[in-house]
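# Tertiary structure, described
Here are the chains, one letter per residue:
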Amino acid sequence: MESKTKQTEAIHQPETENGKAAVLGLQHLLAMYAGAVAVPLLIGTGLNFNSEQMTYLISIDIFMCGIATLLQLTVNKFFGIGLPVVLGCAIQAVAPLIMIGSDKGVGAIYGSIIASGIFVVLVSGIFSKIKKLFPPLVTGTVITVIGLTLIPVAVEKMGGGLATAPNFGDRTNLLLAFITIGLIIVIQVWGRGFIKSIAVLVGLVGGTILAALLGQVDLTPVGEATWFHFPQPFYFGTPTFDLSSIVLMIIISIVSMVESTGVYFALGDITGKHIGEEELKKGYRAEGLAVILGGIFNTFPYTGFSQNVGLVQLSGIKTRRPIYYSAFFLIALGLLPKVGAIAQIIPEPVLGGGMLVMFGMVAVQGMRMLSKVDYHNDKNLLIIAISIGFGLGFNMLPTLFQQMPETVRMFTGNGIVMSSLTAIILNLLFNGLKNEEQA
């Protein structure tokens, strides 16, 4: 009898584990969903796409996020970093792609994306050899800046989405945001086991239910979405290959690789996995392949999503299994726009409350990495101070460089990029290529 009981437990345990992983995967999906759909929404609006084109753009974006994530999760001798990383569209590509589309046409957008993806695949081996440029001093600073830079985005959503909106910061919005944060805190402090690991999801669901009771949930996106959508290569026509557009997108790709490097090291630190040249090379190759596929299926460049780093840290679940579920959910939602639209009904203040916690955790992870730095060395203090100052300051006021050429402004207007470059250059200047332990 005892043997039979053990057999029954052995059968049901994998089912239980898969069920938990699926819920955690849903939490990761909700964490990145708003950021993922923001890119096609912004670019489609900027290029005056009609509603049919927008529906395709958003659906294929979600579908390809799943494919890109699977490429990164699947480890083989050619590609895949094997970390619990979620890939989504790179937000820094929005302005350049709108500019390319306006000047050269939609074909040039996807020609430049395909070319930049090929570039990433070709240089992945060379780029992976610069690991010594990213000791804890540099990566900790960059990850801290990523978290702190994203917090204002979360705060704006807490107020209702846009600071210029008439109802921004009204009592209902603030109530929903702080109730969501409160639920996450309660679950984190008093929750146990699996429930504690899905604190953010519980907060988002609880906040949305409260919003529905207050009449703040809009079901219009679900009603307007179609039931089924299938990806089509070159939906917007044949790609064209314009040299200036390709160079511009290669620059953006390098920026994305720098940001992804920070995400990889952060996840490596959380999961205890060593990230060396080989892992970085396969990670960059997976991103490059995802970018090429994005160009073929008419979506956008991909990069590691930093908000999901905070979720891995917060949940304490460090395996890839939940991310596999996220990838499959993304693929399914990309094929079923009406189902995928359900995630869009989460009100902005509720989403903002959850994002605030997650982005804060990203910043904390960066601070944890900075705890390995030798603070008795005044040069290290100076590197961190200037890098964080540039990162936050230039991001808050990008118009500081409005008199500079467009190519220069592309870098200076991105606080994360400026922080990365400043930390790398100053560390090389003051410390050289020391071992990570010495930095």
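Look above for the structure.
It should be emphasised that the depicted structure is a prediction, and the values quoted were computed from it without experimental measurement.

## So, the overall build of the chain
Looking only at helices and strands, one finds 18 helices and two strands in the chain. Taking all 439 residues of the chain together, the buried fraction comes to 53%. The long-range share in the chain, meaning contacts at least 24 apart out of those at least 6 apart in sequence, stands at 83%. Counting every atom, the chain has about 19,100 Å² of accessible surface; 66% of that belongs to carbon and sulfur.

## Points about the pattern of salt bridges
Here the structure, examined in full by the defined rule, presents three salt bridges. Of the charged contacts in the structure, one is a salt bridge between Glu 348 and Lys 157, with a shortest N-O distance of 2.8 Å. Of this pair, Glu 348 sits in helix α15 (residues 348-370) while Lys 157 is found in helix α5 (residues 136-158), placing the two residues 191 residues apart along the sequence.

## Regarding the environment of His 229
The topology assignment puts His 229 in the loop between α9 (220-224) and α10 (243-271). What makes His 229 buried here is its relative accessible area of 11%. Put simply, His 229 and Thr 55 are 174 residues apart on the chain and 9.1 Å apart in space, counted from C-alpha to C-alpha.

## Remarks on the packing of α5 against helix α18 (residues 415-431)
Where α5 contacts α18, the axes come no closer than 9 Å and their chain directions differ by 160 degrees. Taken together, the axes of α5 and α18 lie roughly antiparallel to each other. When you trace α5 past α18, the crossing you get is right-handed. Seen from α5, the contacting residues are Leu 137, Val 138, Thr 141, Val 142, Val 145, Ile 146 and Thr 149; seen from α18, they are Gly 415, Ile 416, Ser 419, Ser 420, Ala 423, Ile 424, Asn 427 and Asn 431. For the contact of α5 with α18, the residue count by class is eight nonpolar, seven polar and no charged.

## Examining a nonpolar patch on the surface
Side chains of Ile 185, Val 186, Val 189 and Trp 190 sit close together on the surface and give an oily, nonpolar patch of about 420 Å² of accessible area. Tracing the backbone shows Val 189 in helix α6 (residues 171-190). For Val 189, a relative accessible area of 48% corresponds to the partly exposed category.

## Quick word on the nonpolar core
Within the largest apolar cluster, 98 residues are counted, with the highest numbers of intra-cluster contacts made by Leu 97, Ile 113, Phe 300 and Tyr 302. At twelve residues, the largest contribution of residues to this core is made by helix α2 (residues 51-73). Residue contacts for Leu 97: discarding those within four places in its chain leaves Ile 43, Ile 109, Ile 113, Met 249, Phe 300 and Pro 301. One finds Leu 137, Leu 370, Ile 383 and Leu 426 within the second-largest nonpolar core, a separate group that totals six residues.

## Description of the side chain of Asn 431
Residue position: Asn 431 is located in helix α18. Exposure remark for Asn 431: the relative accessible area of 7% places this residue in the buried category. At 3.0 Å, the side chain of Asn 431 forms a polar contact with the side chain of Asn 380. Excluding residues that lie within four positions of it along the chain, Asn 431 makes contacts with Leu 137, Asn 377, Asn 380, Ile 383 and Leu 426.

Definitions and cut-offs
- Residues numbered from 1 in each chain as written.
- Predicted model: local features only at pLDDT ≥ 70, side-chain atom pairs only at ≥ 80, totals over all residues.
- Heavy atoms only, no water.
- Helix = DSSP H or I, 4+ residues; strand = E, 2+ residues; numbered from the N terminus.
- Buried < 20%, exposed > 50% of the residue type's maximum accessible area, 1.4 Å probe, protein only.
- Contact = heavy atoms within 4.5 Å.
- Areas by Shrake-Rupley, 256 points an atom, 1.4 Å probe, with all protein chains shown as cover.
- Salt bridge = Lys/Arg side-chain N within 4 Å of Asp/Glu carboxyl O.
- Axes fitted to C-alpha atoms, helices over the stretch in contact; angles between N-to-C directions.
- Parallel < 35°, antiparallel > 145°, perpendicular 65-115°, else oblique.
- Left-handed = near helix turned anticlockwise from the far one by under 90°.
- Nonpolar A, V, L, I, M, F, W, Y, C, P; charged D, E, K, R; others polar.
- Patch = residues over 30% accessible without salt bridge, like charges linked within 9 Å, V, L, I, M, F, W, Y side chains within 5 Å.
- Core = buried A, V, L, I, M, F, W, Y, C linked by side-chain atoms within 4.5 Å.
- Polar contact = N/O pair within 3.5 Å; in protein donor to acceptor, adjacent residues only side chain to side chain.

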